[in-house]
Amino acid sequence: MCGIVGFCDFTKRSSLDNLSEMMKRVKHRGSDAYGQSYQDSATATVGLGHQRLSILDLSNEGRQPMSCENLEIVYNGEVYNFQEIRVELEDLGYKFHSNSDTEVVLNAYHHWGVESVKKFNGMFAIAIFDKREERLTLIRDRAGVKPLYWYLKDGLFLFASELKSFHSHPNFQKEINRDVLALYLQYGYVMQPYSIFKSTEQLEAGHILELDLKSQTIEKREYWSIIDCYKKPLLFLSDNEAINKTEEILKRSFNYRMVSDVPVGIFLSGGYDSSLVTALLQSDRDKKINTFTIGFKERGYDESPYAKKVAKHLGTNHHDYYCSHKDALEIIPKLAEIYDEPFADDSAIPTVLVSQLAREKVTVTLSADGGDEIFAGYDEYSNILKMQKRFEYLPNILKSSIGLAMDSISPNNVPFNKHLYNFETRYEKIRTLLSSKNSAQMLKYRSQHFTDNQLSNLLNFNRVELKTSFDVDINDIKDDLSKMLAIDYSTYMSNNILTKVDRATMSVGLEGREPFLDREIIEFASQLPSKFKYRDGVQKWILKEIAHKYIPKELMNRPKMGFSPPMTEWFRDELKEYFLDYLSREKLDKEGYFNTDEVIKMRDEYLNGKNVTVKKLWSILMFQMWHERWM
């Protein structure tokens, strides 16, 4: 795992020192070695920088930038099937000087061009400069595990693994995109392809960007789409055939993630996904795998006893740590640095903690992200399907009438609202759900922290609603559950979950791998009929059937828990000074983004014990702290 940076400066004002400063910002992603190249082409100065975390081929032969004739590469990630591709290239006459996957990626590109990406199975952010053609190519993996930002303005093109590198270039102009700020507040994260800054974007998952230095033009195209996967014909399999085939693919994909020249561990929550990853990998090994868990002292939040029981049954070398408000006090001030865009998932706190715990023992760790989005693990899916059934019995004219009535009545005027948790948001969401056309649109509305009306009241500016992956065409996807899975994969999972894990692990120089996000798993699972994912009220039916082969059902059957800390309790007590400081009238008025009275009202109602969700205040707090750090 590594950090990459670079520029193509058509004004020829960027220097090698500028490149070195950009590299310093991503040194935490790889401090084992570094490399850089700088050249003056006919049209621009071009710089490529690489910070290396050595995972495969620890020798100097694996260092980057790496060259092959007219090509030069800097690359972050792992291509897990590189050995198979290497054999294919050797048969074509290629000679290799290292045992690294980087050399395989570079030679594959040399032979097949950008079409080589279709052979890669892994997580990657790749930058290749073709000196002869004067072309820079950026490629991002299918799921978006590895981040890749780019910026273009006034003749300067920048790219980097993390946005913070851009701040080190003297000609980077940081101007907040207010429409993206609104999008962040609505969902709690910044969604691809947008960035919090103008003239700056994330390269979307499954996309290629080519910059032609001669014409100074950019061409961007998609090479893989989750929507296309779900539009393929369904597989017709018996229960046993589906279970056996799924288990076979999972084993192969999980074992790919164990290929490493340094120690590997697993994040184990004790839930089905991480327990299944651990079970399948430990069952084939005599040596105990290191597993890591974060617990909480507060009841209702602590999964660590379940993880400990699973670890004992499977025979892993288990480590756990209990997160307290004191740990949060240490980590919260660091979040704006770690997540250099506004990011409001409060489970970032325990994720940073478990990464610190794991880094003491291993250099690579596996997590089980994606299992819920691929195999239908969230309650939200079943809730929406049930809601949709209820709405089906309502005539359209009645749904419209109810919606109009709710439009005309403020939730504040409903007499019993003070007794129901987060009533205003729930009221608004029911109103919008009545007008939803399909399950994916319902998922969109239920995913929002702030409804459109609430956002209008919160913000001190008019916004333009941006198109996102929530708005793609899903009409040809066959059933409602599949529509939701496809959308969640490209929104919440790709933009929230993967951002959270990448920045947390990389903040301590730990490589995070995502075994459920293997291309073979998602391409197979997307063609599995939904009955294998949700059956008779059972979520992740097929994963549970496989898990019960390795772990007794009585160890696993319990209510699903999230990975969030007890924020409601902490911020009314030990951590409330954060809200009193960053959400003060003085600071809110000075920055001018928010309706100060609305934020103060929300803050005070929460602190006084009223039924206001802490997540809304947390998302504003995270923006305020980010703004203080970076603006």
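See the structure above.
Residues numbered from 1 in each chain as written. Predicted model: local features only at pLDDT ≥ 70, side-chain atom pairs only at ≥ 80, totals over all residues. Heavy atoms only, no water.

J.: Outline the sheet that holds strand 16 (residues 364-366), supporting the account with residue identities and numerical values.
T.: Spatially, 5 strands are ordered 15-14-13-16-17 in an open sheet, and the strand pairing comes out parallel. Only two strands of the sheet have a single partner each, and these edge strands are strand 15 (317-323) and strand 17 (511-513). Sheet twist, expressed as the average angle between the axes of neighbouring strands with direction ignored, equals 30 degrees. Pairing analysis gives 3 bridges linking strand 16 to strand 17, with the strands arranged parallel. Looking at the pairing, Leu 366 lines up with Arg 513 of strand 17. (Pairing = 2+ DSSP bridges. Helix = DSSP H or I, 4+ residues; strand = E, 2+ residues; numbered from the N terminus. Axes fitted to C-alpha atoms, helices over the stretch in contact; angles between N-to-C directions.)

J.: Break down the pairing of strand 7 (residues 135-140) for me, with residues and values.
T.: Along a regular strand, successive side chains alternate from one face of the sheet to the other. For strand 7, the buried fraction is high: 5 of the 6 residues fall into the buried class. Where strand 6 (residues 122-130) lies against strand 7, 6 bridges are found, and the strand directions are antiparallel. Note on strand 7: the bridge partner recorded for Ile 126 is Ile 139. Following strand 6, the chain reverses through 4 residues before pairing antiparallel with strand 7; Glu 134 in that reversal takes a positive phi of roughly 50 degrees. (Buried < 20%, exposed > 50% of the residue type's maximum accessible area, 1.4 Å probe, protein only.)

J.: Can you explain the packing of helix 2 (residues 82-91) against helix 3 (residues 101-112)? Please cite residues and give values.
T.: For the pair helix 2 and helix 3, the least separation of the axes is 10 Å and the interaxial angle reads 45 degrees. Viewed along their axes, helix 2 and helix 3 adopt a mutual orientation that is oblique. Between helix 2 and helix 3 lies a crossing whose hand is left-handed. Between helix 2 and helix 3, the contacting residues are Phe 82, Ile 85, Arg 86, Glu 88 and Leu 89 on the first element and Asp 101, Val 104, Asn 107, Ala 108, His 111 and Trp 112 on the second. Residues that form the contact of helix 2 with helix 3 fall into these classes: 6 nonpolar, 2 polar and 3 charged. (Parallel < 35°, antiparallel > 145°, perpendicular 65-115°, else oblique. Left-handed = near helix turned anticlockwise from the far one by under 90°. Contact = heavy atoms within 4.5 Å. Nonpolar A, V, L, I, M, F, W, Y, C, P; charged D, E, K, R; others polar.)

J.: Please set out the sheet that holds strand 1 (residues 2-9) residue by residue, giving values where relevant.
T.: Spatially, 6 strands are ordered 2-3-1-9-8-10 in an open sheet, and the strand pairing comes out antiparallel. One side of each edge strand has no neighbouring strand; the edge strands of this open sheet are strand 2 (33-40) and strand 10 (200-202). Looking at each pair of strands side by side, their axes are set apart by 10 degrees on average, direction ignored. When strand 1 meets strand 3 (residues 45-52), the two strands line up antiparallel, connected through 8 bridges. The residue bridging Phe 7 from the neighbouring strand is Gly 47, located in strand 3.

J.: Account for the nonpolar core, with residues named and values stated.
T.: With 178 residues, the main nonpolar core has Leu 185, Ile 332, Phe 571, Phe 594 and Trp 618 as its most contacted residues. Setting aside anything within four residues of it in sequence, one finds Phe 571 in contact with Ile 332, Lys 576, Tyr 578, Phe 579, Tyr 606, Leu 607, Val 614, Trp 618 and Leu 621. (Core = buried A, V, L, I, M, F, W, Y, C linked by side-chain atoms within 4.5 Å.)

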